[in-house]
Amino acid sequence: MPPYADPPPAGRRVTVFSLGGTIAMTGGPGSGVVPTLTAADLVAAVPGLAGTGVTVRVHDFRRLPGASLGFDDLTALVTAARRAVDDGADGVVVTQGTDTIEETAFALDLLWPYDAPLVVTGAMRNPTLAGADGPANLLAAVTVAAAPAARRTGCLVVLGDEIHAARWVRKTHTTSPVAFRSPDVGPVGLVAEGRPRILTRPARHRLDADVRDPGTVRTAVLPVVLGDDGATLRRAGSGLDGLVVAGFGVGHVPAAAVAVLTDLAAGMPVVLASRIGAGPVLAGTYGFPGSESDLLSRGLISAGTLDCYKARILLHLLVAAGHDRGRITATFATIGAGD
Ligand code: ASP
């Protein structure tokens, strides 16, 4: 497989699913923008799309802000996207709110069973603003979804002409048009002169799990904070099916919170991640009460290199699949390893 993708060969077919988000938001003066545009509107606003030779089909799937998407939307989306590929699409593009792309894209990466590219994009500037980035992002996403070299890469996130692996990408700025970064690895490719270039192939992490009714499962990410005595964790933790605790640094919590986490980990999977957003949770460097080695010896599961939000997505899907603690630990050891 050559590292570079050629321009999409003639006759490629891509299906675009629109879910809402800033890319599809408009509004009158004085009123805030809300999702209004259809998938057809989004595609019609892209200069140069016809020149790619890619045949684009559109599907209005949801019209929501990213914050209001949920797991049931995603499992329904995977079903619809599979159907599109079964019907002949070479790739799929999803347009949605950027607020949740780092989570939705990773869930889609884990759930997507096909070799065909699944590409998520959005916009930081809505269509009413100067420098709206939606059309350029959609054009780039379509060319990536149509590219044979993007096959077998799982879910990719394309914004600002960069191609990111869903497994690593994060939204790192509230307003900047270059908000999407992969702090641990950087982008896996770029789009230039209409040509996608996959510079490094991300490892594929498809989940081997039968995920049912993910909307009924309760999981959470809870950060520890300065002076935390664990009381909030105890209160919030009861009633959950699984918890990701976002510790300080390499995976530390205050000594006063250790007993609570030990109790919680006895009753449900509790994953130890970091609040930092880059770098791994360690395993055996520190030995004080509340250190990473202490917590892992008490039954917490290491998130490895997964950030706390991605760890929660993985945990949620595994719990929804009915996996026991042994399988959950083994899956985190594999996917969290970062290979
Ligand atoms: N700011 C968000 C966006 O960029 C809003 C949303 O996620 O719907 O799309």
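Residues numbered from 1 in each chain as written. Predicted model: local features only at pLDDT ≥ 70, side-chain atom pairs only at ≥ 80, totals over all residues. Heavy atoms only, no water.

- The name given to the chain in an unreviewed UniProt entry is L-asparaginase, and the organism recorded there is Polymorphospora rubra.
- Its UniProt record, at the heading Sequence similarities (unreviewed entry), says of the chain: "Belongs to the asparaginase 1 family." (UniProt positions renumbered as here; feature names shortened; annotations may be inferred.)

1. Observations concerning the UniProt feature "domain: L-asparaginase N-terminal" (unreviewed entry) in the chain
Right, so step 1: The sites that UniProt annotates as "domain: L-asparaginase N-terminal" (unreviewed entry) are residues 13-202.
Right, so step 2: In residues 13-202, helix accounts for 24% and strand for 27%; the two terminal C-alpha atoms are 23 Å from one another. (Helix = DSSP H or I, 4+ residues; strand = E, 2+ residues; numbered from the N terminus.)

2. Concerning the side chain of Glu-102
Right, so step 1: Locating Glu-102 in the fold gives a position in helix α3 (residues 101-111).
Right, so step 2: Accessibility expressed as a relative area gives 10% for Glu-102, which makes it buried.
Right, so step 3: Of the polar contacts made by the side chain of Glu-102, one reaches the side chain of Arg-170; its length is 3.4 Å.
Right, so step 4: With near-sequence residues (within four places) excluded, Glu-102 lies in contact with Ala-166, Val-169, Arg-170, Lys-171, Tyr-309 and Lys-310. (Buried < 20%, exposed > 50% of the residue type's maximum accessible area, 1.4 Å probe, protein only. Polar contact = N/O pair within 3.5 Å; in protein donor to acceptor, adjacent residues only side chain to side chain. Contact = heavy atoms within 4.5 Å.)

3. Side note on helix α4 (residues 134-146)
Right, so step 1: When the terminal C-alpha atoms of α4 are compared, their 18 Å separation across 13 residues agrees well with the 18 Å that a helix rising 1.5 Å per residue should span.
Right, so step 2: Of all the residues in α4, the buried ones are Gly-134, Asn-137, Leu-138, Ala-140, Ala-141, Val-142, Thr-143, Val-144, Ala-145 and Ala-146. (Expected span 1.5 Å × (residues − 1).)

4. So, the site of the ligand
Right, so step 1: Around the ligand sit Gly-21, Thr-22, Met-25, Pro-65, Gly-66, Gly-97, Thr-98, Asp-99 and Ala-123, and those are all the residues in its vicinity.
Right, so step 2: One nitrogen or oxygen atom from the main chain of Thr-22 is found 2.8 Å from an oxygen atom belonging to the ligand.
Right, so step 3: Here an oxygen atom of the ligand sits 2.7 Å away from a polar atom, N or O, in the main chain of Gly-66.
Right, so step 4: By residue class, the composition of the shell around the ligand is three nonpolar, five polar and one charged. (Near = heavy atom within 4 Å. Nonpolar A, V, L, I, M, F, W, Y, C, P; charged D, E, K, R; others polar.)

5. What about the sheet that holds strand β14 (residues 242-247)?
Right, so step 1: Judged by pairing direction, the sheet is parallel, and its four strands sit side by side in the order β13-β14-β15-β16 without closing on themselves. Each end of this open sheet is capped by a strand with a single partner; those strands are β13 (219-223) and β16 (301-302).
Right, so step 2: Inspection of the sheet shows β14 paired to strand β15 (residues 270-274) by five bridges, in the parallel sense. Bridging from a neighbouring strand, Val-244 pairs with Val-271 of β15.
Right, so step 3: Its contacts with the sheet put helix α8 (residues 308-320) on β13, β14 and β15, and the angle it makes with β14 is roughly 165°. (Pairing = 2+ DSSP bridges. Axes fitted to C-alpha atoms, helices over the stretch in contact; angles between N-to-C directions.)

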